[in-house]
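Analysis of the macromolecular model
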Amino acid sequence: MDDPEQVRARLEETGYLVDEGLAVTCFLALRLHRPLFCEGDAGVGKTALAAALAEALGAPLIRLQCHEGIDASQALYDWDFPRQLLHLRAAEAAGVTDADRLESELYDRRFLIARPLLQALQTQPSVLLVDEIDRADDEFEAFLLELLSEYSVSIPELGTLRAEVPPVVVLTSNRTREVHDALKRRCLYHWFDHPSFARELAIVRRRLPEVSQRLAEQVTSLVQTLRGADLLKPPGVAETIDWAQALDALGAREADADLVVTTLGSVLKYREDMDRARGLDLAAALAARGV
């Protein structure tokens, strides 16, 4: 893709709408082979961007879901010990006694289990999604920083494996904790905010063309109202789409206050948030923006 406008157009062909700032950032990430660090609340489209990039590039999406305690063996590679043991027993049964030969055979590439990071280095082209890096430990951050600096990994038994073409790397963070500056400096940064009414409505219409225009407008207006209600977990765009889809599945062409209340579980995930939403003037919210 030769310029930001082409990136924007290709992403929109996949159904992912981007503004000028994000289109430029994605273009630079592709052109400069720099990781893209996406930060923002849950449900604002960070993970979906990686999937859209993979579709636009015609490349496989390789996902590493981070969690507390994740380590290199889960993220990078491991050895297939059961198969190694079977091979060892077969060699012994065949009378092989050469220790050096056995050791070299046991640590052959066929017994190597490539985890997401190694898969991405070995797959050209590919899009690597490191999802929710803020859930990982500091030690894993440091390890990831080293790997992204050279796009290579050293395996003692095999030597150094290096990516011929660096993968497109997208890191996401819901900001449950601050990610270290060293990792951020290695990346191009983009903050994902909640979209405006017009942009969110366009996303809903693009993703759910079967939903009536009026229902899409009402749901979008309601979600925008809920985000201003000081909730524990403000709904993201993903929840807007879920809510519109749920109401459409119930046969609604437009929403009323009773139907909105009965389907709050599609958009809110905490009891306290649902109680607060029931205390709002939902009829007024439905009448907002002329919908």
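Residues numbered from 1 in each chain as written. Predicted model: local features only at pLDDT ≥ 70, side-chain atom pairs only at ≥ 80, totals over all residues. Heavy atoms only, no water.

Examining the overall build of the chain
Heads up, the rule is: Secondary structure counts use DSSP, requiring at least four H or I residues in a row for a helix and at least two E residues in a row for a strand, with both numbered from the N terminus. Based on C-alpha atoms, the radius of gyration is set beside the globule rule, defined as 2.2 Å times the residue count to the power 0.38. Working definition: with a 1.4 Å probe on protein chains only, accessible area under 20% of the residue-type maximum means buried, over 50% means exposed, and in between means partly exposed.
Regarding its fold elements, the chain presents 15 helices and nine strands. Rg of the C-alpha trace for the chain: 24 Å, well past the compact-globule value of 19 Å for 291 residues, more than 25% over. Reported as C-alpha extents along the three principal axes, the dimensions of the chain are approximately 80 × 45 × 35 Å. Here the chain holds 291 residues, and 47% of them are scored as buried.

Some details on the packing of aromatic side chains
Convention followed: Any Phe, Tyr or Trp ring, taking Trp's six-membered ring, that has another such ring centre within 6.5 Å forms a pair; planes under 30 degrees apart are called stacked, those over 60 apart edge-to-face, and the others tilted.
Evaluation of the coordinates by the stated rule reveals four aromatic pairs. When the centroid spacing of 6.0 Å and the interplanar angle of 15 degrees are considered together, the rings of Phe37 and Tyr189 count as stacked. Here Tyr189 lies in strand β9 (residues 188–192) and Phe37 lies in strand β1 (residues 36–40), a separation of 152 residues in the sequence. Residue Tyr189 is classed as partly exposed on the basis of its relative accessible area of 39%.

Structural notes on the packing of helix α1 (residues 4–13) against helix α2 (residues 20–32)
Quick note on the threshold: Working convention: axes come from line fits to C-alpha atoms, limited for helices to the stretch in contact. Angles between N-to-C directions cover 0 to 180 degrees. In this scheme, roughly parallel covers angles under 35 degrees and roughly antiparallel covers those over 145, while 65 to 115 is roughly perpendicular and the rest are oblique. Throughout, a contact is declared for two residues whenever any of their heavy atoms are within 4.5 Å. Three classes are used: nonpolar for Ala, Val, Leu, Ile, Met, Phe, Trp, Tyr, Cys and Pro, charged for Asp, Glu, Lys and Arg, and polar for all others, with Gly counted as polar.
The N-to-C vectors of α1 and α2 enclose an angle of 105 degrees; their axes lie 8 Å apart at closest approach. One way to sum up the angle between α1 and α2 is to call them roughly perpendicular. Here Pro4, Val7, Arg8 and Leu11 of α1 lie close against α2, whose contacting residues are Ala23, Val24, Cys26, Phe27 and Leu30. Of the residues assigned to the contact of α1 with α2, the class counts are eight nonpolar, no polar and one charged.

A closer look at the confidence of the model for the chain
Convention followed: What pLDDT expresses is the predictor's confidence in each residue, scored from 0 to 100.
Scored by pLDDT, the chain has a mean of 91; 99% of the residues are at 70 or more. The least confident element of the chain is helix α15 (residues 282–287), whose mean pLDDT is 75; the most confident is strand β5 (residues 127–131), at 98.

Observations regarding the UniProt feature "domain: AAA+ ATPase" (unreviewed entry) in the chain
In plain terms, the rule: UniProt positions are given in the numbering used here, feature names are shortened, and annotations may be inferred rather than shown by experiment.
As annotated by UniProt and renumbered to match this structure, "domain: AAA+ ATPase" (unreviewed entry) occupies residues 32–202. Between the C-alpha atoms that bound residues 32–202 there is a distance of 31 Å. The span itself is 41% helix and 23% strand.

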